[in-house]
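Close look at the chain arrangement
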Amino acid sequence: MKSVTQFYLDKTEEAVWHRGEDYVNKGRVRVEYYDDRKIEAIVSGKESYKVTIRWVTNGLRKSCTCPYKRGICKHVVATAIVWDELFGIARPSKDMVRFRTIQPPPISPRQITACYNDPLNADLDVIRIAVDYYALSPKAHARLPRCPRIETHEKVPLTFEEVKKALNEMEKWSRRREYHSYFCAGEMAAAFSEMLGIVEKRLPSSLSEVMINIMAHCVDWFYREFEQMIDSSDGVWIFPVTRIGKIVARLLDIYPSHPAWQEFNQIVEKVGDWWGEPGLNAEEIARWRDQCL
Ligand SMILES: [Zn+2]
C-alpha cells in the first residue's frame, strides 16, 4: 500500500497534524474495517466521529462526521496514521511534519497580542479569525454577520428601540444550532464592538436622556446576556468593554457637568477589574438609570 500520511501531510495544518498524532498515541482510534483500499474507524475525543478513507483512481477520498470543514481534520490524520501503521509504514518524522504541513491562516500571534495591548483600536477581523483558528479544538460553527442591523448615518439620532433590537438580533444568533459560545465568541465580540462604534458615531446627534437608557441597557446586556453568549472566551469581552468606556468618555466630553455620566463613568471603570467575578450587576445599573431619569 502507498503511504496515506504522505498523501495528506502537505494538505494539513501542522497543529492539526499534531492533534491527530496525539489521538493515535492515546489510543483513540478504533478501526472497524480495513484492507489496502479502504479503512473505516471511530475516532473519539470529547465526542466520537466516524472516519472513512479510501483509495480512488487519482488519490484518496475521505469523510469524517465531525463539523470541522476547513480541510483535513485531526480525525482523518489519526486514521491515516493508524492505517499506514497497519501496513508497517512509519509515521512522518517530526521534521517532515514541520516542513511539509501547510501554513495556518495569515494572522500571527503578534497581531493578536497587539489587539489585546490596545483593545480599543484592535483590528476586529483579527479577533474574529483568532478565536476561530487558534482555538485548541477547531470546530465548524455558525458564521455571524459583522454587525447587527442598525442605522449607520451619524446625523440620525439614536433610539432606544433600535439598539434593543440590534442586541436582540445578536441573542438570536446565539440560539442558532451551530452557534458555539467558544468558537463564535470572536465574531460575537467583534459584532457587539461594531455596534457600539456606531452608537458612538451617532452620539453627538442623540439626546442625553435616550443615551442614559441606551447605555444602561448595553451594560446590563453585557452582563446578563453577552457574557454567557461568549462564555468569557479568551478575554474577548475586553473589546466591547473598551468601547463602552470610550462612549462614556465622549458623553463626559459632551455633557461635562451631567452627574449621570460622571457616576456612570465610575461604574464602568470598575469593569476593567472584572475577570470571572460578578462585577456589575443588572440591579446596580437599573438603580443608576432610575436615579437619572
Ligand atoms: Zn473529523
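The following refers to the structure shown. (Residues numbered from 1 in each chain as written. Predicted model: local features only at pLDDT ≥ 70, side-chain atom pairs only at ≥ 80, totals over all residues.)

Glancing now at the pairing of strand β2 (residues 38–44). On β2, burial follows the alternation: Ile39, Ala41 and Val43 on one face are buried, whereas Lys38, Glu40, Ile42 and Ser44 on the facing-out side are not. Of the strand pairs in this sheet, strand β1 (residues 29–34) and β2 are connected by five bridges, and their pairing is antiparallel. In the strand pairing of β2, Val29 is matched with Val43. Here β1 folds back onto β2 in antiparallel fashion, the turn holding three residues. Pairing geometry for β2 and strand β3 (residues 48–56), over seven bridges, is antiparallel. The partner of Ile42 across the bridge, within β3, is Lys50. (Buried ≥ 20, exposed ≤ 12 C-beta atoms within 10 Å, placed from the backbone. Helix = DSSP H or I, 4+ residues; strand = E, 2+ residues; numbered from the N terminus. Pairing = 2+ DSSP bridges.)

This part takes up the packing of helix α7 (residues 160–173) against helix α9 (residues 208–230). Contact pair α7 / α9: the axes reach a minimum separation of 9 Å and the direction vectors enclose 15 degrees. What the angle tells us is that α7 and α9 run roughly parallel. Of the two possible hands of crossing, α7 and α9 adopt the one that is right-handed. Here α7 contributes Phe160, Val163, Lys164, Leu167 and Glu171 to the contact with α9, which in turn contributes Val210, Asn213, Ile214, His217, Trp221 and Glu225. When grouped by side-chain class, the residues that make up the contact of α7 with α9 number six nonpolar, two polar and three charged. (Axes fitted to C-alpha atoms, helices over the stretch in contact; angles between N-to-C directions. Parallel < 35°, antiparallel > 145°, perpendicular 65-115°, else oblique. Left-handed = near helix turned anticlockwise from the far one by under 90°. Contact = placed C-beta atoms within 7 Å. Nonpolar A, V, L, I, M, F, W, Y, C, P; charged D, E, K, R; others polar.)

The strand order across the open sheet built from four strands is β1-β2-β3-β4, with neighbouring strands paired in antiparallel fashion. The open sheet has two edge strands with one neighbour each: β1 and β4 (59–64). Averaged over neighbouring strand pairs, the angle between their axes works out to 20 degrees when direction is ignored. Strands β1, β2, β3 and β4 of the sheet are contacted by helix α3 (residues 74–86), whose axis makes an angle of about 55 degrees with β3.

On to the packing of α9 against helix α10 (residues 238–254). One way to put it is that α9 packs onto α10 with a least axis distance of 11 Å and a crossing angle of 160 degrees. Comparing the axis directions of α9 and α10 gives the class roughly antiparallel. Helix-helix and strand crossings are classified by hand; for α9 and α10 the assignment is left-handed. Between α9 and α10, the contacting residues are Met211, Met215, Cys218, Val219 and Phe222 on the first element and Pro240, Ile244, Ile247 and Leu251 on the second. Classifying every residue of the contact of α9 with α10 by side-chain character gives nine nonpolar, no polar and no charged.

This is a description of form; function is not addressed.
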